[in-house]
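In case you want the letters, here they are:
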Amino acid sequence: MWEYLDLNEEQKHARRTNLDWAGYYVVLSQLLLCGFISVYSWFTKGHTHRKGGVVRALKRMEWRLSNPLSLDHPVLRCLGDWSVVLGWTMWCVFLAISKTGKDYMHVTKAFGIVAVANLPLHFILAMKHSPLGYAYGLSYEGCANFLHRWLGRIIFTLLTVHAILYLNFFWDTSRMKTRFLEFDVLCGFFAFTALTTIVLFANHYVRNISYRTFYLVHTILSPLLFPLMFFHVSHLRPYLYPSIALFVFDHLLRFILSTPATGSIKHLTTGLIEISAYPTYATPIKPGSHAIIRHPETHSWTPNPFSITSAIILSGSERKRIRMVARIRGNFTKKLATLPTFVVDPCSASPNGVKKVLALKLDLPYGAPLYFPNFKNYDKILFVAGGVGATFAVSWVKYLLKSEGDKLPLVKPGQMRFIWAVKRSEDALWAFEDDYRGDNAKDVAKCVEVHITGAPGDPDVVGDMESGMEMTEGLLGSADGDAASGLDHLVKSGVDQERISTGRPWLQKLIRDTVEEAGEGRTAILICGPIMMGSIARRVTARLGMGGADVWLHVEEFGH
């Protein structure tokens, strides 16, 4: 199909022009796609039931595309995600092979430039505070991370074709000992070798075995790609300049948002710890945000995003106290649990009981809540949490129910519902204790509905979610055994006995009932728990959305 052609200068110039435009079309396509999303968001924004039939049809199609393909295999995600991945792959391949004729070198070079033209978007998707987040609510912890990983695979695939075709050319023309060993070609070869190493170590099996190895390889080799590609060929530089700028800006912003802190560890139960940190300077923190903790005695390169349950400025001081609650599961939390557990207030002049203050470093704030809509615009709000996932929900419940002086709560009585499934009653007690003077933890106790699962196996609540999310077993007062023994603890904390049940919550019914109660109003559903809980919520909400319900769904997830 393609042949080695001997072109004259005019033909080479025409080929160069077509190659440049292949890269430009990649960037222009991305800009047009962003513009389309902006117009679509504006057109469908607002109360769905008050819009015309076209908007309702578009929203139904959107929910159909977001419906999970499988509950048993959440990694399969939804049709919409794979449509984006497949569509963009086909478009890039089309740009690489179009207008190439029979010119072998044209198609070889085209695969390379089309791949590199995707780099700026690739680095935008990798940013923790991406402009796409503020523009479209695209959080790195959610869909942005998925798109970042798959765009990286598309880029690698295109460059693999580029490398194979060039190596075949060098072999066929007996240039392996001449042209292949020249500086610019070797730069391209080493760049491809570095990229291959990054892709291999980015595999989820490697990340699960040693996240530290993945992180080190990613952070060391990624910046090396810039000089190697820069000296490989000059035509790539228009795409390298914005990529380098985005890379530097992202790391500079992370450095600015990173703050030294002192802190302490407190054991709440045998499986829960409370992390109290006192940053050097106060940073505005939205409810449900999370922080990344670094400590010299633990591996710094470990995935440890912790939801912030409260962030308050201490009275008489500009210093802020950050409170996080974590389940002792991975290596990082296990090592944190072995550190000194003195409850220390660094702002206090009293040295009583102080033997050591932990030196921490906090990266914050991160998370999808930075881009949440205004909950005042919703008629019904439902929070469902599993186990320690309530750290996300509790901070939002406190915020929405908070009243100070003449300031009324953001939600009205009956507008919000909070469902919390825990294995043991003691795992929930931390949420009902005032964290500071003027805290409204008692408001949480008054509105929460606690489901004590008592499930064996996985200690992080919820055990076998596949079978457990579709049943409930009535009030705790009618139950026997260890579950019933936790009744007094919860009741003393302010939780109404009628709001305490055994068994797992019936998630499908909860979501359906909430949407039905809203009627033609708007409903917000927020989930933070096991993967299966999120998958079920997505499936139920998608079906309700396809039926015309005006519902907004957020499933808290970490994409590190």
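In what follows, the structure referred to is the one given above.
Residues numbered from 1 in each chain as written. Predicted model: local features only at pLDDT ≥ 70, side-chain atom pairs only at ≥ 80, totals over all residues. Heavy atoms only, no water.

A word on the overall build of the protein chain
Keep this limit in mind: Only DSSP runs of H or I reaching four residues or more are called helices, and only runs of E reaching two or more are called strands; each is numbered from the N terminus. For the exposure calls, accessible area comes from a 1.4 Å probe over protein chains only, and a residue counts as buried if that area is under 20% of its type's maximum, exposed if over 50%, partly exposed in between. Under the convention used here, a 1.4 Å probe and the Shrake-Rupley method define accessible areas, while residue burial counts only the protein chains that appear.
When its secondary structure is counted, the protein chain shows 19 helices and 12 strands. With 560 residues in all, the protein chain has 49% of them scored as buried. As displayed, the protein chain offers around 27100 Å² of accessible surface, 60% of which is attributable to carbon and sulfur atoms.

Description of the pattern of salt bridges
Our working rule: Think of a salt bridge as a Lys or Arg side-chain nitrogen and an Asp or Glu carboxyl oxygen that are within 4 Å of each other.
Evaluation of the coordinates by the stated rule reveals 18 salt bridges. K59 is the salt-bridge partner of E62, the closest N and O atoms lying 3.4 Å from each other. A residue pair is termed a helical-turn pair when its members lie 3 or 4 positions apart in one helix, as E62 and K59 do in helix 2 (residues 53-65) at 3 residues. Owing to a relative accessible area of 34%, E62 belongs among the partly exposed residues under this scheme. In this structure K59 comes out as buried when scored by relative accessible area, which is 19%. Between D250 and R254 there is a salt bridge; the shortest N-O distance is 3.0 Å.

Focus on the sheet that holds strand 11 (residues 523-528)
Put simply, the test is: Pairing between strands is defined by DSSP: at least two bridges between them are needed. Inter-axis angles, ranging from 0 to 180 degrees, are taken between N-to-C directions of lines fitted to C-alpha atoms, where helices are fitted over the stretch in contact. Residue contacts are counted whenever heavy atoms from the two residues lie within 4.5 Å of one another.
Spatially, 10-9-8-7-11-12 is the arrangement adopted by the 6 strands of the open sheet, whose pairing is parallel. Every other strand in the sheet has two partners, leaving strand 10 (500-502) and strand 12 (551-555) as the edge strands with one partner each. Averaged over neighbouring strand pairs, the angle between their axes works out to 15 degrees when direction is ignored. Both strand 11 and strand 12 contribute to a ladder of 5 bridges, which runs parallel. Within strand 12, the position partnered with A524 by the bridge is W552. Sitting on the sheet, helix 18 (residues 507-518) is in contact with strand 7 (380-386), strand 8 (416-422), strand 11 and strand 12, with an inclination near 165 degrees to strand 7.

Some words on helix 11 (residues 237-257)
Threshold: One fewer than the residue count of a helix, multiplied by 1.5 Å, yields its expected span. By construction, the arc corresponds to the directions joining the helix axis to the C-beta atoms.
Taking 1.5 Å as the rise per residue, helix 11 with 21 residues should run 30 Å; its terminal C-alpha atoms sit 30 Å apart, in good agreement. Within the sequence span of helix 11, burial applies to Y239, L240, S243, L246, F247, D250 and L257. Buried residues along helix 11 cover an arc of 140 degrees about the axis, so they all sit on one side. Buried residues belonging to helix 11 abut helix 1 (9-44), helix 4 (104-116), helix 5 (119-126), helix 10 (211-232), strand 1 (258-267) and strand 6 (358-366).

Description of a nonpolar patch on the surface
Definition in use: To count toward a patch, a residue needs a relative accessible area over 30% and no salt bridge; like charges are then connected within 9 Å, while nonpolar side chains (Val, Leu, Ile, Met, Phe, Trp, Tyr) are connected within 5 Å.
Where nonpolar side chains cluster on the molecular surface, the patch consists of M61, L65, L69, V75, L76 and L79 and spans about 540 Å² of accessible area. One can find L76 in the loop between helix 2 and helix 3 (79-97). Exposure remark for L76: the relative accessible area of 38% places this residue in the partly exposed category.

Description of the nonpolar core
Basically, it comes down to this: We call a set of buried Ala, Val, Leu, Ile, Met, Phe, Trp, Tyr and Cys residues a nonpolar core when their side-chain atoms join them within 4.5 Å.
With 50 residues, the main nonpolar core has V114, V116, L119, L158, L159, M229 and L240 as its most contacted residues. Looking at this core, the elements with two or more residues in it are helix 1, helix 3, helix 4, helix 5, helix 7 (140-172), helix 8 (183-201), helix 10 and helix 11. If sequence neighbours within four positions are ignored, V114 has contacts with A22, V26, C92, L95, A96 and L158. In terms of nonpolar packing, the next biggest core, distinct from the first, is built from 41 residues, V325, A428, A431 and I452 among them.

Quick notes on unusual backbone geometry
P365 follows L364 through a cis peptide bond whose omega is -5 degrees. If you trace the backbone, P365 turns up in strand 6. The backbone of K99 sits at a positive phi, close to 60 degrees, despite the residue not being glycine. Residue classification places K99 among the exposed positions, given a relative accessible area of 63%. Positive phi outside glycine occurs at S174, with the angle close to 55 degrees. Note that S174 resides in the loop between helix 7 and helix 8.

Here we look at the packing of helix 1 against helix 3
Basically, it comes down to this: Each angle receives one of four descriptions, namely roughly parallel if under 35 degrees, roughly antiparallel if over 145, roughly perpendicular if within 65 to 115, and oblique otherwise. In this scheme the handedness of a crossing depends on how the near helix is turned from the far one: anticlockwise by less than a right angle means left-handed, clockwise means right-handed. Classes in brief: Ala, Val, Leu, Ile, Met, Phe, Trp, Tyr, Cys and Pro nonpolar; Asp, Glu, Lys and Arg charged; the others, Gly included, polar.
Packing of helix 1 against helix 3 brings their axes to within 10 Å, and their N-to-C directions diverge by 155 degrees. Comparing their axes, helix 3 and helix 1 come out roughly antiparallel. Of the two possible hands of crossing, helix 1 and helix 3 adopt the one that is right-handed. Between helix 1 and helix 3, the residues in contact are A22, Y25, V26, S29 and Q30 and W88, W91 and L95, respectively. Residue classes in the contact of helix 1 with helix 3 are distributed as 6 nonpolar, 2 polar and no charged.

Looking at the pairing of strand 5 (residues 320-327)
Here strand 5 lies mainly inside the structure; 8 of its 8 residues are buried. Neither face of strand 5 is exposed, since K320, I322, M324 and A326 on one face and R321, R323, V325 and R327 on the opposite face are all buried. Direction of pairing for strand 2 (residues 272-279) relative to strand 5: antiparallel, over a ladder of 6 bridges. Among the inter-strand pairings, L272 is bridged to a residue of strand 5, identified as R327.

So, the packing of aromatic side chains
For the record, the criterion: Classification of ring pairs uses Phe, Tyr and Trp, with its six-membered ring standing for Trp, and accepts pairs whose centres are within 6.5 Å; under 30 degrees between planes counts as stacked, over 60 as edge-to-face, and the remaining range as tilted. As a reminder, the over-ring test applies to NZ of lysine and CZ of arginine, requiring each to be within 6 Å of the ring centre and within 35 degrees of the ring normal.
Inspection of every chain in the model, using the stated rule, returns 37 aromatic pairs. Relative to Y104, the ring of Y4 has its centre 4.8 Å away and its plane inclined at 75 degrees; by these criteria the two rings are edge-to-face. Residue Y4 is located in the segment before helix 1, and its partner Y104 is located in helix 4; the two are separated by 100 residues in the primary sequence. For Y4, a relative accessible area of 37% puts it in the partly exposed group. Here the aromatic rings of W396 and Y399 are separated by 5.6 Å at their centres, their planes lie at 80 degrees, and the arrangement is edge-to-face. One end of the pair, W396, and the other, Y399, are both in helix 13 (residues 390-401), 3 residues apart, so they sit about a helical turn from each other. Given a relative accessible area of 42%, Y399 falls into the partly exposed group. Through a chain of ring-to-ring contacts, the aromatic side chains of Y4, Y104, Y166, F169, F170, F180, F189 and F190 assemble into a single cluster. Just above the ring of Y366 sits the side chain of K128; from NZ or CZ to the centre is 5.2 Å. Above the ring of W150, the side-chain terminus of R153 is found at 4.6 Å from the ring centroid.

Considerations on the packing of helix 3 against helix 4
Where helix 3 contacts helix 4, the two axes come as close as 8 Å, and the packing angle between them is 140 degrees. One element, helix 3, and the other, helix 4, form an angle in the oblique class. Taken as a pair, helix 3 and helix 4 cross one another with a handedness that is right-handed. The segment helix 3 lies against helix 4, with C92, L95, A96 and I97 engaging V107, A110, F111 and V114.

With respect to the pairing of strand 9 (residues 448-452)
In terms of residue burial, strand 9 counts as a mostly covered element, since 5 of its 5 residues are buried. Across the two faces of strand 9 the burial is the same, with V448, V450 and I452 and E449 and H451 all buried. In the sheet, strand 8 pairs with strand 9 via 5 bridges, with the strands oriented parallel. By the bridge assignment for strand 9, F418 is matched with V448.

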